[in-house]
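Commentary on secondary and tertiary structure
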Amino acid sequence: MSKSIFGRFKKSEEPDIDVEELEFNKQSDVFDDRAFWVDTLEKIAFPVLNNLKKGNLKKNMPFESSSDEMKKFSHLGAFSRVFNGISPWLNLKVDATPEGRLREKFVGLTLTSIENVVNPNSDDYLNFSEPKYSLASSAIFAQGLLRSKHQIWSNLPIEVQAKIITNFKNTRIIAPYDNHWLLYTSMIEAALLEFTGECDLERLNYGILKFWDEWYLGDGIYNDGNKFKVGYENSTIIHPLLNDILMVMRKYNVKGNEFLNKQLMRTSRLASQLERIISPTGSYPLIGESLTYRTGIFHALSQAALIKILPSNITPAQVRCGLTQVLKSQFQENQNFLEGDWLAIGINGHQKEAAEETIETGALYMCCNVFLPLGLPQNDPFWSSPYEEWSSLKAWNGNQINVDQSIDF
């Protein structure tokens, strides 16, 4: 990887931080937080996009999984998840700042990578319609295109756009599971509606209607299908997909878009819950599946910050500070990377036993969804407001903290 333009991504020489030592953060320049986020994004995303640009992703990306069957899905998974997580940042206008120049570089990497992904003559051509896990990655790619429409989709050659549309339509041969996978089909149709003006309305609506009332449990939480299980699927997948799909439906006045207002309020409640689980040291409860997504479990919180639906009982600054501490706990050191800065399977280290059978190297890049707030400009209150303790740090430092408030809608 090229040397960071900020020079901040390096091994810390300080001992582990305890709760008392976190007080030093109050004195830090708020610019340091954004710089660290950008450095971390660069370290994680660059190997994937740089190799894709050169047609070397399949050749150079390592593969780790307990199932050899997952190898055929790993490369599309890595690309789509990296792209999705950094897409709001890519969508900002390029400027002459060091970050702006880096963003311009990544826009170029992404545009070339997409061209290679859909080019049958490229060594890194990827199959969008291989049952079944290509459906998930295709939907995540589609969501990223919606999030970066101005800087990515609009700057793709028309023939590349046409290939993407064809690939999205080809995923219709894949039958989704009767759970959050229904939202993958809905997301692809929402992207087709946005980019072509037409879609399969039945595929667009079916999953939305299921989650609207049938699978809603209350207090911002959905069942993942007909079975309840504890975990982070509401944050990693369900809420972010529902929000982006419904916003497209609202834009085009598609029947069912009236669910959007209620859904955004439910996400706001989930965001409050997610902020409260960030411990004073940046750890979080290890419950449920897919914990190897690491910071990706905060997808809904990051999206709530990006689209400005954080609840009134938490501020953008405390979300920034809490998520910064999470990022530092997992990525300030090098424990989660293999040689070449590829992500290693694990939670906070190389821990293969922590992964389910369906987890492979590409899936690990779901961690990039934490970076969504980088789509907010530097002068946004999320980035410009002074340091503020997040909820658990307030509580364990003996400072005032509001009661947790549930919702009933």
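How each quantity is defined
Residues numbered from 1 in each chain as written. Predicted model: local features only at pLDDT ≥ 70, side-chain atom pairs only at ≥ 80, totals over all residues. Heavy atoms only, no water. Helix = DSSP H or I, 4+ residues; strand = E, 2+ residues; numbered from the N terminus. Contact = heavy atoms within 4.5 Å. Salt bridge = Lys/Arg side-chain N within 4 Å of Asp/Glu carboxyl O. Buried < 20%, exposed > 50% of the residue type's maximum accessible area, 1.4 Å probe, protein only. Phe/Tyr/Trp six-rings, centres within 6.5 Å; stacked < 30°, edge-to-face > 60°. Lys NZ or Arg CZ within 6 Å of the ring centre and 35° of its normal. Axes fitted to C-alpha atoms, helices over the stretch in contact; angles between N-to-C directions. Parallel < 35°, antiparallel > 145°, perpendicular 65-115°, else oblique. Left-handed = near helix turned anticlockwise from the far one by under 90°. Nonpolar A, V, L, I, M, F, W, Y, C, P; charged D, E, K, R; others polar.

Another aspect to go through is the environment of I188. Within the fold, I188 resides in helix α7 (residues 181–196). C-alpha separation for the pair I188 and K105, spaced 83 residues apart in sequence, amounts to 28 Å. Non-local contacts of I188, meaning those with residues more than four positions away in its chain, are made with L135, S138, A139, A142, F168 and T171.

All chains considered together, the criterion is met by 20 salt bridges. Of the charged contacts in the structure, one is a salt bridge between D404 and R269, with a shortest N-O distance of 2.8 Å. Here D404, found in the segment after α14 (391–396), pairs with R269, found in helix α10 (residues 260–276); they are 135 residues apart in sequence, far enough to count as distant. Look at D404 and you get partly exposed, because its relative accessible area is 40%. Through salt bridges with shared partners, one network takes in R34, D95, E99 and R103.

Another point: the packing of aromatic side chains. Inspection of the entire model under this criterion finds 23 aromatic pairs. Judged by centre distance (5.3 Å) and plane angle (70°), the ring pair of W181 and Y184 falls under edge-to-face. Here Y184 and W181 lie together in helix α7, a separation of three residues that amounts to about one turn. Note on W181: relative accessible area 6%, which makes it buried. A connected cluster of aromatic rings, assembled from ring pairs, spans F73, Y133, Y177, W181 and Y184. The lysine or arginine in question, R266, covers the ring of Y216, its NZ or CZ lying 3.5 Å from the ring centre.

Our focus in this paragraph is the environment of P373. Inspection of the secondary structure puts P373 in the loop between α12 (316–331) and α13 (381–384). For P373, a relative accessible area of 0% puts it in the buried group. Setting aside its immediate chain neighbours within four residues, P373 contacts R34, W37, S302, A305, F382 and W383.

With that settled, the discussion passes to the packing of helix α3 (residues 71–90) against helix α5 (residues 133–147). The N-to-C vectors of α3 and α5 enclose an angle of 25°; their axes lie 8 Å apart at closest approach. When the axis of α3 is compared with that of α5, the two are roughly parallel. Relative to α5, α3 is oriented so that their crossing is left-handed. Counting all contacts with α3, which are made through F73, L76, G77, F79, S80, R81, F83, N84, S87 and P88, the residues of α5 involved are Y133, S134, A136, S137, S138, I140, F141, Q143, G144, L145 and R147. Tallied by class, the residues present in the contact of α3 with α5 amount to ten nonpolar, nine polar and two charged.

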